[in-house]
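Spelled out from the first residue to the last, the chains are:
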Amino acid sequence: MTDISQLQTDLEGRIAAAADLGALEAIRVEALGKTGTVSELLKTLGRMTPDERKVEGPRINGLRDAVAAAVAARKGALETAELDAKLASERVDLSLPPPPQRRGRVHPTMQVLDEMIAVFADMGFALAEGPDIEDDFHNFTALNFPPKHPAREMHDTFWLPEDEKGERKVLRTHTSPVQIRTMQRLNEKLPAWIANGQEPPIRVIVPGRTYRSDSDATHTPMFHQMEGLVIDRAIHMGHLKWTLDQFIARFFETPAVESRFRPHHFPFTEPSAEMDVRCDRSGGDVKIGQGDDWMEVVGCGMVHPNVLRNCGLDPDVWQGFAFGFGIDRLGMLKYGMPDLRDMFASDVRWLEHYGFSAFQAPNTSTGLS
Ligand code: DAH
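Residues numbered from 1 in each chain as written. Predicted model: local features only at pLDDT ≥ 70, side-chain atom pairs only at ≥ 80, totals over all residues. Heavy atoms only, no water.

Participant: Even after reading the chapter, I still don't get the overall build of the protein chain, so can you show me in this structure?
Facilitator: Along its length, the protein chain carries 12 helices and 11 strands. On C-alpha atoms alone, the protein chain measures out to a radius of gyration of 43 Å, which is more than a quarter above the 21 Å that the 2.2 N^0.38 rule sets for 369 residues. When the backbone C-alpha atoms are referred to their principal axes, the protein chain occupies close to 135 × 55 × 45 Å. Across the 369 residues that make up the protein chain, the buried fraction comes to 41%. Put simply, of all contacts in the protein chain between residues at least 6 apart along the chain, 66% involve residues at least 24 apart. Total accessible area on the protein chain stands at roughly 20000 Å², and carbon and sulfur atoms take up 54% of it. With 41 positive and 54 negative side-chain charges, the protein chain shows a separation of 4 Å between the mean positions of the two kinds. (Helix = DSSP H or I, 4+ residues; strand = E, 2+ residues; numbered from the N terminus. Rg over C-alpha atoms; globule rule 2.2 N^0.38 Å. Buried < 20%, exposed > 50% of the residue type's maximum accessible area, 1.4 Å probe, protein only. Contact = heavy atoms within 4.5 Å. Areas by Shrake-Rupley, 256 points an atom, 1.4 Å probe, with all protein chains shown as cover. Lys, Arg positive; Asp, Glu negative; His and termini not counted. Charge placed at Lys NZ, Arg CZ, Asp CG, Glu CD.)

In C-alpha cells, the structure reads:
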C-alpha cells in the first residue's frame, strides 16, 4: 500500500516543518489522536484476515512508530529552541553593576548635630531639651531682657496670638530659655542633691530648633542652635575658653585652632563675648586654624547674676558659663555649603550631594564609632 509510505512522508514533512509546539500538537492529534489518520488505519487491522494483517500490521504499526518518533524529535527540538531563545532574551549579565538605588541621606544639620553631641558628650555634657513654643518669661524676661526693651524686637520674634489668659507665647528665638528651665530644675532638686552629697556641676547642651522672621543667604526663619550651660561653684572664664577651644579643635579636626574672644553684649551674660577662630578664606573654602582672617563661631559669656537670681540660685555661691552655637552655620563652615536657605528647601538633589551616609561614624576625633 503505497498510500502508507506516502502518508508517512507527508506527515514527517509537516512535522519537521511545524513552527511551534502548538502547530506540532495539531499535527499529532490529526495523525495519532483518537480519530486521527494513523489511528484510523490501526483500526482497520481488526477487520483484516490474518494473512493481510501479517503484511499490513508491521507497516501500519511502523507508520505509527515513525510518526510518534518524528513528533517526539520535533518536540524536543522546538523545546530546546524555545529555551535557547528565552535564555538569550533573559540573559543575566552578572558583571553588570547593579542599577542605582535611591538611598536616604542624613541631613547635614543632623550629621553636624551628632558630631557636636559626640564631642560634648565626651566632655561630660548631658542633653537637655525644651519646648519650641515658649513663654515670654523663659525666652526673654528670665534671661534679663528688660520689659519693652528693644532687644525683644531685635530677635525678629514670631509672636503667637493671645491665649485665653491674654498671654502671647513666642516661637523661641534661641535655645537660651532652656538655660532657665535647667536652672529652675536644679534649684528644685538642689536641697535633695545636697542632702545626698550629690552636688552639681550642671553641664548641659541643648540642641534644638529656633525661629526668627528673617531670610537671606545666612538666615532662615527656622534654624538650629545648640546652647551650652555649665553651673558650678567657682566657675570662671578660663573654663569657658578651654571648653570652647577643645570643642573647636575636635569638631574641625585640627589641633592648631587659634581663638580670640571679642567683647560683646548679651543681656543674659556678663561679661559677654563672641569667640572667633583664625581662618583662611583666600581659596574658595574656609580653612580653620590658619590664615589671616577671623570668623565668629559662637556667642558666650558668664551667666548674668540676674539670670541666676531669676532661677532662685545665689550668685555668690553659683556661677556658670553659657554659649550658643548656630548648628547649621557651623555645618556650612565645616562642609562648605554656601547658602543656608538650601538646607531647608527639601531639594533631594541637594541632599544627595551634601547629605551623609547613615552608616558613617561622626567626623570627629573623639574615636566614637
Ligand atoms: N542666645 C544667643 C542668640 O541667639 C546666643 C548666645 C549668646 C547664647 C551667648 C548664649 C550665650 O548662651 O552665652 O543670639
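Participant: Got a minute to help me understand the site of the ligand in this structure?
Facilitator: Around the ligand, a shell composed of 15 residues is seen, among which H174, S176, R212, Q225 and E227 lie nearest. Contacts to the ligand include Q225, whose side-chain N or O atom sits 2.9 Å from an oxygen atom. For the ligand, an oxygen atom lies 2.6 Å from a polar atom in the side chain of E227. Coverage of the ligand by the protein chains reaches 92% of its 360 Å² of free accessible surface. Mapped by element, the contributors of at least two residues to the shell around the ligand are β6 (222–232), β10 (293–303) and β11 (319–326). By residue class, the composition of the shell around the ligand is five nonpolar, eight polar and two charged. (Near = heavy atom within 4 Å. Polar contact = N/O pair within 3.5 Å; in protein donor to acceptor, adjacent residues only side chain to side chain. Nonpolar A, V, L, I, M, F, W, Y, C, P; charged D, E, K, R; others polar.)

Participant: Is there a simple way to explain the environment of P255 in this structure?
Facilitator: Residue position: P255 is located in the loop between α9 (237–251) and β7 (259–264). Sequence separation between P255 and D245 is 10 residues; the distance between their C-alpha atoms is 9.4 Å.

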